[in-house]
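# Tertiary structure, described
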Amino acid sequence: MRNQGLRIGLIPTMGALHEGHVSLIEASKRDNDVTICSLFVNPTQFNEKSDFSDYPRQLDTDLALLENAKCDIVFAPPVTEVYPEEDKEVYQLGEVVEILEGTGRPGHFNGMASVVKRLFDLTNPHQAYFGIKDYQQCLAVKALVKNYHLGINIVCCPIFREESGLAMSSRNLLLSKEGKILAAHLHQCLELLNKSSQKKESNALQYLGESYLQKINGIELEYLEILNSETLKPPTNADKTPMVALVAAWIEGVRLIDNMILQE
Ligand code: AMP
């Protein structure tokens, strides 16, 4: 297809697809001639065995959803096709992977880089689509492409949310109805920070967010940080880029993440 001059867009996913994934497919369909969606629950990016084994898998439902979304090609390889041999590379992704998800989930970004690089090699796309929902991942994939001269355009797409504001995630399938109601507080907290961002310094915003979430029974906060949205360093008055609020929390034993650029 490449040789025929067609433009190819790739959406790497771990399956258990939802409308957030469909929004990436739609973005690729607008920009490219051929859209490939990969479905692969990547063992190397999970640092806990139970998290990997509990991760939702629903191939038939995913295939129906992809057909409905008019995705051109589905690539759902077995582990041996992606990793015929172990990838021993230690990927250089810069400082953006050394904090938050990087410290909370040791080895996660290296495993992510490993699979994304393999999927790029196997599908050879012009462009690849990722969700800003995984904020650090977007920065890390851009660093991967830059540092390894991969020549693929990385498109980062907005977060698709439920009506309650809850960011869509495959992991939401593991939550009860009550858990989902609780989880919507993550978004409400981010909205509060966005509304307060003109009036408060980053430290005060962090305190506001932490206090909001710590008061809610059933939410176990892992981190809430206010950082420079480009460098993920503490914001300074000289910054020209807006701040981003990033949060990770546990609800009913499920780890959820969300974020928002503070620009109100
Ligand atoms: P996953 O299958 O969870 O690894 O996600 C595959 C891709 O979809 C990643 O680039 C995610 O950031 C993106 N994604 C997941 N949830 C959402 C969402 N709610 N809105 C937009 N993109 C998303």
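Placed above this text is the structure.
So, a few notes on the structure that sits alongside this text. Quantities reported herein were computed from a predicted structural model and do not represent experimental measurements. (Residues numbered from 1 in each chain as written. Predicted model: local features only at pLDDT ≥ 70, side-chain atom pairs only at ≥ 80, totals over all residues. Heavy atoms only, no water.)

### Details of the pairing of strand β4 (residues 127-131)
To keep things clear, this is the line we draw: Partly exposed residues are those whose accessible area sits between 20% and 50% of the maximum for their type, while under 20% is buried and over 50% is exposed, using a 1.4 Å probe and protein chains only. In DSSP terms, a helix is any run of H or I states spanning at least four residues, a strand is any run of E spanning at least two, and both are numbered starting from the N terminus. Two strands make a pair as long as DSSP finds a minimum of two bridges between them. By convention, a crossover is right-handed whenever its connection, traced from the first strand over the helix to the second and viewed with the strands pointing away, goes clockwise.
Most of β4 is tucked away: five of the five residues are buried. Because side chains alternate across β4, one face comprises the buried residues Q127, Y129 and G131, and the other comprises A128 and F130, equally buried. Taken together, the two bridges between strand β1 (residues 8-13) and β4 define a ladder with parallel strand orientation. Across the sheet, residue L10 finds its bridge partner in β4, namely A128. In this structure, β4 lies alongside strand β5 (residues 153-157), joined through five bridges in parallel fashion. When the sheet's bridge partners are listed, A128 is paired in β5 with I154. A crossover links β4 with its parallel partner β5, the connecting element being helix α7 (residues 135-147), and its sense is right-handed.

### A word on unusual backbone geometry
A positive phi is found at K70, a non-glycine position, where the angle reads about 60°. Within the fold, K70 resides in the loop between α3 (59-68) and β3 (73-75).

### Details of the sheet that holds strand β7 (residues 243-251)
Basically, it comes down to this: A fitted line through C-alpha atoms serves as each axis, taken over the contacting stretch for helices, and the angle formed by two N-to-C directions is quoted from 0 to 180°. The contact criterion used is simple: two residues touch if any of their non-hydrogen atoms lie within 4.5 Å.
In space, the three strands of this open sheet follow the order β6-β7-β8, with antiparallel pairing throughout. Strands with a single pairing partner mark the edges of an open sheet, and in this sheet they are β6 (220-228) and β8 (254-262). The sheet shows a mean angle of 10° between the axes of neighbouring strands, taken without regard to direction. Of the strand pairs in this sheet, β6 and β7 are connected by eight bridges, and their pairing is antiparallel. Residue pairing in the sheet places Y223 in a bridge with A248 of β7. Where helix α9 (residues 202-214) meets the sheet, it contacts β6, β7 and β8, and its direction lies at approximately 160° from that of β6.

### Considering the pattern of salt bridges
Note the following rule: The term salt bridge refers to a pairing of a side-chain nitrogen on Lys or Arg with a carboxyl oxygen on Asp or Glu at a separation within 4 Å.
This model, assessed by the stated rule, comprises seven salt bridges. Through salt bridges that share partners, D51, R105 and R171 make up one connected network.

### What about the pairing of β7?
Most of β7 sits inside the fold, with eight of its nine residues counted as buried. Relative to β8, β7 is paired through nine bridges, and the arrangement is antiparallel. Bridging across to β8, A249 finds its partner in L256. In this antiparallel pair of consecutive strands, β7 and β8, the connection spans two residues, and E252 shows a positive phi of 50°.

### A short note on the environment of L139
Assignment of secondary structure puts L139 in helix α7. According to the relative accessible area criterion, L139 is buried, its value standing at 18%. When residues no more than four places from it in sequence are discounted, the contact partners of L139 are V96, S229, E230 and L232.

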